[in-house]
Protein chains: 2
Amino acid sequence: MKAWQEIQLQALQTSDSEHQLFQAIAALGAELGFDYCAYGLRLALPLSNPKIVKVSNYPSAWQTQYQAKNYCAIDPTVKHALRSSQPILWTDGLFASTAAFWEEARSFGLRYGWAQSMRDVPGATGMLTLARSDEPLSKAELADKAFKMAWLTQTAHMALSRRLLPKLLPEADTKLSNREIAVLRWTADGKTAGEIADIMKITERTVNFHISNAAAKLNASNKTAAAVKAALLGFL
Amino acid sequence: MKAWQEIQLQALQTSDSEHQLFQAIAALGAELGFDYCAYGLRLALPLSNPKIVKVSNYPSAWQTQYQAKNYCAIDPTVKHALRSSQPILWTDGLFASTAAFWEEARSFGLRYGWAQSMRDVPGATGMLTLARSDEPLSKAELADKAFKMAWLTQTAHMALSRRLLPKLLPEADTKLSNREIAVLRWTADGKTAGEIADIMKITERTVNFHISNAAAKLNASNKTAAAVKAALLGFL
DNA sequence: CTAACAACTGTCAACATTGACAGCATATAC
DNA sequence: GTATATGCTGTCAATGTTGACAGTTGTTAG
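On a predicted model such as this, the values are computed, not experimentally measured, just so you know. (Residues numbered from 1 in each chain as written. Chains lettered and ligands numbered in written order. Predicted model: local features only at pLDDT ≥ 70, side-chain atom pairs only at ≥ 80, totals over all residues. Heavy atoms only, no water.)

Some remarks on unusual backbone geometry
Working note: non-glycine residues mostly have negative phi, and peptide bonds are mostly trans.
Here is step 1: Each neighbour pair has its own omega, and for Leu45 of chain A with Pro46 of chain A the value is -10 degrees, a cis peptide bond.
Here is step 2: When you line up the elements, Pro46 of chain A lands in the loop between strand E1 (36-43) and strand E2 (51-56).
Here is step 3: Of note, the phi angle at Lys201 of chain A is positive, near 55 degrees, even though the residue is not glycine.
Here is step 4: One can find Lys201 of chain A in the loop between helix H8 (193-200) and helix H9 (204-217).
Here is step 5: Notably, Asn70 of chain B is not glycine yet its phi reads approximately 50 degrees, a positive angle.
Here is step 6: Here Asn70 of chain B lies in the loop between helix H3 (60-68) and helix H4 (76-83). (Helix = DSSP H or I, 4+ residues; strand = E, 2+ residues; numbered from the N terminus.)

Following this line, the structure appears as structure tokens:
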């Protein structure tokens, strides 16, 4: 099983398309005994309409359905993943309030599953799901594989989010100057331009100058949006 | 090793003091072959002066030194942890620019170490360090233990941050109403009160009313601070 | 029933922000 | 030497925010 890790790690580091990367991760999932593997990445931004990308080897009819009916919005595993990094098992209890969705998933062979989420940059949550049709997931199997699944979640998220993030959110790649960062930090803590001017011993005019430069770089329409974006992207 | 997991998980779930929790985690670290274990939690808030808590079984003289000289600010492992969840090994290269710090740590027996970080709520980063005095960390050992260490990082962070967070940041426990959340979301995206009023078909006055209520709950001095805090605490 | 809460609305004055104009100093990279 | 980036400063008018006042309506839990 050491070979598993070594060989696949190479694939993760060398492959440059998301598709190849995902294949490598799905292969690791398969070795753990899961036919299906899905990775979803949700960026917090824009807050009023967060961006989501999904990659999976689910039956394509189910992928289509899931997308069309916007199941993302009701999927209890997604809901859980956004709140906690605790792994979660597909159980009847979990899907109690979304029976139709659960039935439909099962009809596509998605019966026994496990999922875990994780974050890197503050505003990006990744979720890895491993599933299969046949064998229920016993407690013993879970205990046995928990370590590897935790590792796989981390590895998958780090590898995939690194490629997907700049694509989805070009602002994630911009660089703020030191002054811009300092001014945004104080702004994010609720200081007015006047107060920041006193703190930093510069003119109020200069404070506003830095703020508006930062906002331009971040594609933010005002200083509130700039502060939130910078904070969620980990610039502060 | 299954016993390891089961027995200790119980400890993690039942013990209610951070101290007990940390003991359980340190015990798991010891079983992995590390004499020393340290957990640090950094809240992004307040942004201009982030809060940090440390728990460790390091020699107490070193803990005192580290605190007194504010080594947190220069420690390269901390710097790495804040940017990436990738595990990191203590190497000469890593400490190249902080030789004095590295020497001092080694003089306390902290010679071979490994660290990994992780986030849950967007604004909280936890870092687990495992270290020892004697045996260098070989590649083979790392490959062998990578899974368990990844799992331990996750487990430690989830258990410890859950207790530490509300203590450090009481706002993390408040509840915002649906309207407050909706208004803050649009605010965080850079909409003005007037625009939000149009979007939500309510008066500008009402928008400002919700914003100021939310700001009061979050202990924020204006809407920018409220939006940032709410975003970093995962309320949006 | 009643208390508590969420949601909603009004006015007005002080204060803060944004955007558009224009310019200078310093350091680093080619 | 020159381009580029960063940091700094100025003015002014339009627009937005905040705080302090005071009140209505509807829902929910005890």
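So, the interface of chain B and chain A
Here is step 1: Contacts between the two partners involve 40 residues from chain B, matched on the other side by 39 residues from chain A.
Here is step 2: A combined buried area of about 3,700 Å² lies between chain B and chain A, and 61% of that area is made up of carbon and sulfur atoms.
Here is step 3: Along the contact surface separating chain B from chain A lie zero salt bridges.
Here is step 4: For the pair chain B and chain A, the number of links is 15 residue pairs in polar contact (both at pLDDT 80 or more).
Here is step 5: At the level of secondary structure, the elements contributing two or more residues to the side of chain B that touches chain A comprise helix H1 (2-14), strand E4 (112-119), helix H6 (139-168), helix H7 (178-188) and helix H10 (223-232) of chain B.
Here is step 6: The element contributing the most residues to the side of chain B that touches chain A is H6 of chain B, with eight residues. (Contact = heavy atoms within 4.5 Å. Buried area = accessible area lost by both parts, 1.4 Å probe. Salt bridge = Lys/Arg side-chain N within 4 Å of Asp/Glu carboxyl O. Polar contact = N/O pair within 3.5 Å; in protein donor to acceptor, adjacent residues only side chain to side chain.)

Concerning empty space enclosed by the protein
The probe, sized like a water molecule, is rolled over the atoms to show the empty space still left.
Residues and elements named next belong to chain B.
Here is step 1: Considering all chains together, one arrives at two cavities of 30 Å³ or more under this definition.
Here is step 2: Reported here for the largest cavity is a volume of approximately 50 Å³.
Here is step 3: Taken together, Leu43, Ala44, Leu45, Val121, Gly123, Ala124, Leu165, Leu169, Leu232 and Leu233 make up the full set of residues lining the largest cavity.
Here is step 4: Partitioning the lining of the largest cavity into residue classes produces nine nonpolar, one polar and no charged.
Here is step 5: As a volume, the second largest cavity reaches approximately 40 Å³.
Here is step 6: A class-by-class count of the residues in the lining of the second largest cavity yields nine nonpolar, one polar and no charged. (1 Å grid on protein atoms, 1.4 Å probe; cavity = no way out; pocket = protein on both sides within 12 Å on 5 of 7 lines; lining within 4 Å. Points joined across faces, edges and corners; volume = space filled by probe spheres on them. Nonpolar A, V, L, I, M, F, W, Y, C, P; charged D, E, K, R; others polar.)

Thoughts on the pairing of E4 of chain B
Residues and elements named next belong to chain B.
Here is step 1: When you tally the buried positions in E4, you get seven out of eight residues, the bulk of the element.
Here is step 2: Across eight bridges, E4 lies against strand E5 (residues 124-132) in antiparallel orientation. Bridge pairing in E5 links Met118 to Gly126.
Here is step 3: The antiparallel hairpin formed by E4 and E5 contains four residues in its connecting segment. (Buried < 20%, exposed > 50% of the residue type's maximum accessible area, 1.4 Å probe, protein only. Pairing = 2+ DSSP bridges.)

Here's the deal with the UniProt feature "domain: HTH luxR-type" (unreviewed entry) in chain A
Here is step 1: Under the local residue numbering, the UniProt record ascribes the feature "domain: HTH luxR-type" (unreviewed entry) to residues 169-234 of chain A.
Here is step 2: Within the segment residues 169-234 of chain A, helix and strand shares are 65% and 0% respectively, and the terminal C-alpha atoms sit 13 Å apart. (UniProt positions renumbered as here; feature names shortened; annotations may be inferred.)

Here's the deal with the protein's contact with DNA strand D
Here is step 1: Neighbouring DNA strand D are 16 residues, the closest being Ser177, Arg179, Thr203 and Thr206 of chain A together with Lys223 of chain B.
Here is step 2: When the atoms of DNA strand D within 4 Å of the protein are sorted by group, sugar and phosphate make up 69%.
Here is step 3: Here a sugar or linking oxygen of DNA strand D and a side-chain polar atom of Thr203 of chain A are 2.7 Å apart.
Here is step 4: Counting residues per element, the ones that place at least two in the surface near DNA strand D are helix H7 (178-188) and H9 of chain A together with helix H9 (204-217) of chain B.
Here is step 5: The leading source of residues in the surface near DNA strand D is H9 of chain A, at five residues. (Near = heavy atom within 4 Å.)

A short note on the sheet that holds strand E4 (residues 112-119) of chain A
Backbone-to-backbone hydrogen bonds join strands into a sheet, with any given pair of strands oriented parallel or antiparallel.
Residues and elements named next belong to chain A.
Here is step 1: Strand order in this open sheet of five strands is E2-E1-E5-E4-E3, and the pairing throughout is antiparallel. Edge positions in the sheet fall to E2 and strand E3 (88-89), since each has one partner strand and no second.
Here is step 2: Two strands pair when backbone bridges link them, and E1 and E2 are joined in this way by six bridges, in the antiparallel orientation. Looking at the pairing, Leu43 lines up with Lys51 of E2.

Section: the protein's contact with DNA strand C
Here is step 1: Close contacts around DNA strand C come from 15 residues, with Lys223 of chain A together with Ser177, Arg179, Thr203 and Thr206 of chain B the closest.
Here is step 2: Sugar and phosphate atoms represent 67% of those atoms of DNA strand C found within 4 Å of the protein.
Here is step 3: A distance of 2.8 Å separates a base oxygen of DNA strand C from a polar atom in the side chain of Arg205 of chain B.
Here is step 4: Within the side chain of Thr206 of chain B, an N or O atom sits 2.7 Å from a phosphate oxygen of DNA strand C.
Here is step 5: Listing elements by their share of the surface near DNA strand C, those giving two or more residues are H9 of chain A together with H7 and H9 of chain B.
Here is step 6: Looking at the surface near DNA strand C residue by residue, the classes come out as three nonpolar, eight polar and four charged.

Comments concerning the environment of Val228 of chain B
Here is step 1: Assignment of secondary structure puts Val228 of chain B in helix H10.
Here is step 2: What makes Val228 of chain B buried here is its relative accessible area of 0%.

Some remarks on the domain arrangement of chain A
A common way to express how large an interface is: the accessible area buried when the components associate.
Residue and element names in this part refer to chain A.
Here is step 1: Annotation of chain A at the domain level lists domain 1 (2-168) and domain 2 (174-232).
Here is step 2: Computed over C-alpha atoms, the centres of domain 1 and domain 2 are 37 Å apart.
Here is step 3: On the domain 2 side, the residues contacting the six residues of domain 1 number four residues.
Here is step 4: Interface area lost by domain 1 to domain 2 is led by Leu45, Leu47 and Pro122, which between them contribute 79%.
Here is step 5: In this assembly, domain 1 and domain 2 are joined by zero salt bridges.
Here is step 6: Counting across the domain 1 and domain 2 interface gives one residue pair in polar contact (both at pLDDT 80 or more).
Here is step 7: Residue classes in the side of domain 1 that touches domain 2 are distributed as five nonpolar, one polar and no charged. (Domains from an automatic or database assignment.)

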